[in-house]
Amino acid sequence: MSLAEFKGSPWARSHPSYRGAALAMNPAPEYANSEVLVASLYRTISSFSAEEEISISEGRVPIRGRELERSIVHYRDHRDRVRKPNNAALDGDSVHALLHNVLESPKLPNQSTKRFLQVTPLVGETASFSGSARLAGNPWPAGALVRQMVWLGSADSAAAQDIWSRLFHALGVHDDDDVFARFLRDEVSAWTGVSWGNKIAIPDSEEAACLPRGELDGLASPARQFCEDLDAVLAAKSVMTRRQWTSLLEALIRIAAVGYVAWVCEVHRQMWECVRQALAGVDLPNDLRATIYPRSFGYLTYGMGAVSELKDRTSTYLAARLGLNAVLWGLDECGVAFPEKLSSAKSVAALCALVKKNHGALAGLSGDLEDLSDREARTLLCRKGVGSNVMEFARHVLYQRQVANSILRGYDQGYVLRKRSAAKSSPWICAPGPVAILVLVHCSLAKLAGPRSVHRLAQHMAAYGIVVDHRKIDSNELGAQLRMLGLVLDSPDAESGMLLVPPFPQARPLRESPGR
């Protein structure tokens, strides 16, 4: 691909040095809600097995859902209504009630007339027919985003594989799981003809990349915090039901996923600023760690609106991605191709040095970028294409689920953003739900003995880009929720007069996270 071809279709294909790099947003997010992330994680971390190992693509999921529906209808319409598949305990009427009532996941208001199977991803077998990002076409693999967070947040590939393996084991249903989880695993497997979790899928270096060891020491990283907190959530599995544990895991993933995407946007902005200075012939330091990685960052403020901040960050990411790829293709055009992947501060410094050395030959690139930015203005403003997809991802993962069936309006309790009031035009504000607060408190205290000040919770939320003033927790809605959930003790000796109480004191991580 040449620079001219890139300018003709700038979003179609990235430069090889950018595509698959650890610092790239890979995969680029599209629509997904929290349950889609979990269901896709099942499909990403392991394959399914029938008579042999099979990998079910994202596009096959809704097709298999329709096939299962037809199979259930066939058994329900049969003159012998108690007829059922081998090894199944429920007949057609009962399994229909199981999928459409007990496990039902609410549809969006604009999906009320569509007929498709959508269930809570309690066990891996449900991911064979439910939880794809789209109902047609080729949906994006949302689980790959979680996998990339694990690899980027771990010290090295071996540490990433260790936590990936422990996550795989925890997602499986074993003899010590509750009876409903074991029943559901066996029943869904009997009706679908497939079982999940026989073999873990370890990605290669092209599918998931690590940063160099120590790259993010002392710096903000939602991916690294996710790896630490994942250890705490895995340890809590044994002290609660499968449904409760899945809710905790889902809440953690949705908080971390959008925080990670916002962090990547910020890193792209700083990377592009360095490259722009190199284009202007400015000397840059050899070590750019402190320049491109934020020491702290926040994209949400408790009690405040969030849409404009998310949109601004996405726009800066798109502009940076456009500029970085244009420079990389421009270097190819000059005959001095950049040979590395953009997977560390060191590689960014090497790119800047190469750009500065050849800034004369790249002098016309600034004008080309201005023309390209004007032409791609709608995408850069998040009104279509990649920008619109990233915004849609952030909204649907963070928002409290809006439902077509009003009976299920309280279904989603792990949200981060909710409506300020019941009015349709009411703005979305940052006010995490009960399950999100529960998992944040649990993770913030997981490796500590005894209660801590609410300042600890504020610090933990800040690691994911959620800013809250710990001095105001006592008097705001967050303090009221903490009291309602029994997660604080009022103490005049504590900062802000409140001490956090571990929600699951018997669930302690067995060791330090391999991501440290």
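Scroll up a little and you will see the structure.
Everything quoted here is computed from the prediction, not taken from an experiment.

Peer 1: How would you explain the nonpolar core if you had to name every residue and give the values?
Peer 2: Ranked by size, the top nonpolar core spans 151 residues in total, and within it Phe226, Tyr293, Phe393 and Leu482 carry the most contacts. Excluding residues within four positions of it along the chain, tyrosine 293 makes contact with Leu23, Leu211, Glu215, Leu216, Leu219, Trp263, Val267, Ser344 and Ala345. Counting 20 residues, the second largest nonpolar core, distinct from the first, contains Phe129, Ala181, Leu184 and Trp191.

Peer 1: Give me helix 8 (residues 222-235): which residues, what numbers.
Peer 2: Under the 1.5 Å per step criterion, the end-to-end length of helix 8 is 20 Å for 14 residues, consistent within 8% with the ideal 20 Å. Most of helix 8 is tucked away, with 13 of its 14 residues classed as buried.

Peer 1: Let's hear about the sheet that holds strand 7 (residues 452-453): which residues, and what values?
Peer 2: Taken in spatial order, the three strands line up as 7-10-9 in an open sheet, and their pairing is antiparallel. With one partner strand each, in any of the chains shown, strand 7 and strand 9 (488-490) form the two edges of the open sheet. For strand 9 and strand 10 (residues 498-500), the ladder comprises three bridges, and the chain directions are antiparallel. Residue aspartate 490 lies in a different strand from strand 10, and its bridge partner there is methionine 498.

Peer 1: Mind laying out the layout of surface pockets, listing which residues take part and the relevant values?
Peer 2: Taken as a whole, the largest pocket spans an internal volume of roughly 570 Å³. Along the wall of the largest pocket there are 38 residues; nearest its centre are Tyr31, Asn33, Leu108, Gln111 and Gln118. Counting residues per element, the ones that place at least two in the lining of the largest pocket are helix 2 (34-45), helix 3 (61-77) and helix 15 (385-398).

Peer 1: An account of empty space enclosed by the protein is requested, with residue identities and associated values reported.
Peer 2: To locate leftover empty space, one rolls a probe as large as a water molecule over the atoms. A full pass over the atoms with the stated rule returns three cavities of 30 Å³ or more. In this structure, the largest cavity occupies an estimated 60 Å³ of space. Lining the largest cavity, in full, are Val258, Val261, Ala262, Cys265, Leu310, Arg313, Thr314, Val390, Met391 and Ala394. For the lining of the largest cavity, the secondary-structure elements that each account for two or more residues are helix 9 (242-279), helix 11 (307-333) and helix 15. Residue contributions to the lining of the largest cavity peak at four residues, all from helix 9. Across the lining of the largest cavity, the residue classes tally to eight nonpolar, one polar and one charged.

Peer 1: Describe in detail the environment of asparagine 389, supporting the description with residues and values.
Peer 2: As for its position among the elements, asparagine 389 is in helix 15. Here the alpha-carbon distance between asparagine 389 and proline 503, two residues 114 residues apart in the chain, equals 36 Å.

Peer 1: Quick rundown of the sheet that holds strand 2 (residues 53-54)? Include the residues and the values.
Peer 2: Across the sheet, which stays open at both edges, the three strands sit in the order 2-1-3 with antiparallel pairing between neighbours. One side of each edge strand has no neighbouring strand; the edge strands of this open sheet are strand 2 and strand 3 (195-200). Pairing of strand 1 (residues 46-49) with strand 2 involves two bridges; the strand directions are antiparallel. Bridging from a neighbouring strand, phenylalanine 48 pairs with isoleucine 54 of strand 2. Lying over the sheet, helix 6 (residues 157-171) contacts strand 1 and strand 3, oriented at roughly 160° with respect to strand 3.

Peer 1: Kindly report on helix 11, identifying the contributing residues and their values.
Peer 2: Between its first and last C-alpha, helix 11 extends 39 Å over 27 residues, near the 39 Å set by a 1.5 Å rise per residue. Glycine 335, located one to two residues past helix 11, shows a positive phi value of around 85°.

Peer 1: Any chance you could break down the packing of helix 2 against helix 9 for me, citing the residues and the numbers?
Peer 2: Here helix 2 crosses helix 9 at 105°, and the two axes come no closer than 9 Å. Taken together, helix 2 and helix 9 sit at an angle that is classed as roughly perpendicular. Contacts between helix 2 and helix 9 pair Ser34, Glu35, Leu37, Val38, Leu41 and Tyr42 from the former with Arg242, Glu250, Ile253, Arg254 and Ala257 from the latter. Each residue belonging to the contact of helix 2 with helix 9 can be placed in one class, and the counts come to six nonpolar, one polar and four charged.

Peer 1: Tell me about the packing of aromatic side chains, residues and numbers included.
Peer 2: For the structure on display, the rule yields nine aromatic pairs. With 5.1 Å between their ring centres and 90° between their planes, tyrosine 42 and tryptophan 196 make a pair best called edge-to-face. One end of the pair, tyrosine 42, is in helix 2; the other, tryptophan 196, is in strand 3, with 154 residues separating them in the sequence. Of the two residues, tyrosine 42 and tryptophan 196, both sit in the buried class. Over the aromatic face of phenylalanine 116 sits the side chain of lysine 107, whose NZ or CZ is 4.6 Å from the ring centroid. When the ring centre of tryptophan 245 is taken as reference, the NZ or CZ atom of lysine 237 above it lies at 5.5 Å.

Peer 1: Outline the pattern of salt bridges, listing residues and values.
Peer 2: Within this structure, the stated rule accounts for 22 salt bridges. For aspartate 156, the salt bridge is made with arginine 213, and the minimal N-O distance between the two is 2.3 Å. Pair noted here: aspartate 156 is in the loop between helix 5 (143-152) and helix 6 and arginine 213 is in the loop between strand 3 and helix 8, with a separation of 57 residues, a long-range link. A salt bridge links arginine 254 to aspartate 412, with the nearest nitrogen and oxygen atoms 2.9 Å apart. With a gap of 158 residues between them, arginine 254 in helix 9 and aspartate 412 in the loop between helix 15 and strand 5 (417-419) connect regions that are remote in the sequence. Side by side, arginine 254 and aspartate 412 carry an identical accessibility label, which is buried. One connected set of salt bridges, linked through shared partners, spans Glu266, Arg269, Glu309 and Arg313.

Peer 1: Mind laying out a nonpolar patch on the surface, listing which residues take part and the relevant values?
Peer 2: There is a patch of nonpolar side chains on the surface, built from Val102, Val179 and Phe180 and spanning about 280 Å² of accessible area. Looking at the element boundaries, phenylalanine 180 is found in helix 7 (residues 179-192). With a relative accessible area of 33%, phenylalanine 180 lands in the partly exposed category.

About the cut-offs
Residues numbered from 1 in each chain as written. Predicted model: local features only at pLDDT ≥ 70, side-chain atom pairs only at ≥ 80, totals over all residues. Heavy atoms only, no water. Core = buried A, V, L, I, M, F, W, Y, C linked by side-chain atoms within 4.5 Å. Buried < 20%, exposed > 50% of the residue type's maximum accessible area, 1.4 Å probe, protein only. Contact = heavy atoms within 4.5 Å. Helix = DSSP H or I, 4+ residues; strand = E, 2+ residues; numbered from the N terminus. Expected span 1.5 Å × (residues − 1). Pairing = 2+ DSSP bridges. 1 Å grid on protein atoms, 1.4 Å probe; cavity = no way out; pocket = protein on both sides within 12 Å on 5 of 7 lines; lining within 4 Å. Points joined across faces, edges and corners; volume = space filled by probe spheres on them. Nonpolar A, V, L, I, M, F, W, Y, C, P; charged D, E, K, R; others polar. Axes fitted to C-alpha atoms, helices over the stretch in contact; angles between N-to-C directions. Parallel < 35°, antiparallel > 145°, perpendicular 65-115°, else oblique. Phe/Tyr/Trp six-rings, centres within 6.5 Å; stacked < 30°, edge-to-face > 60°. Lys NZ or Arg CZ within 6 Å of the ring centre and 35° of its normal. Salt bridge = Lys/Arg side-chain N within 4 Å of Asp/Glu carboxyl O. Patch = residues over 30% accessible without salt bridge, like charges linked within 9 Å, V, L, I, M, F, W, Y side chains within 5 Å. Areas by Shrake-Rupley, 256 points an atom, 1.4 Å probe, with all protein chains shown as cover.

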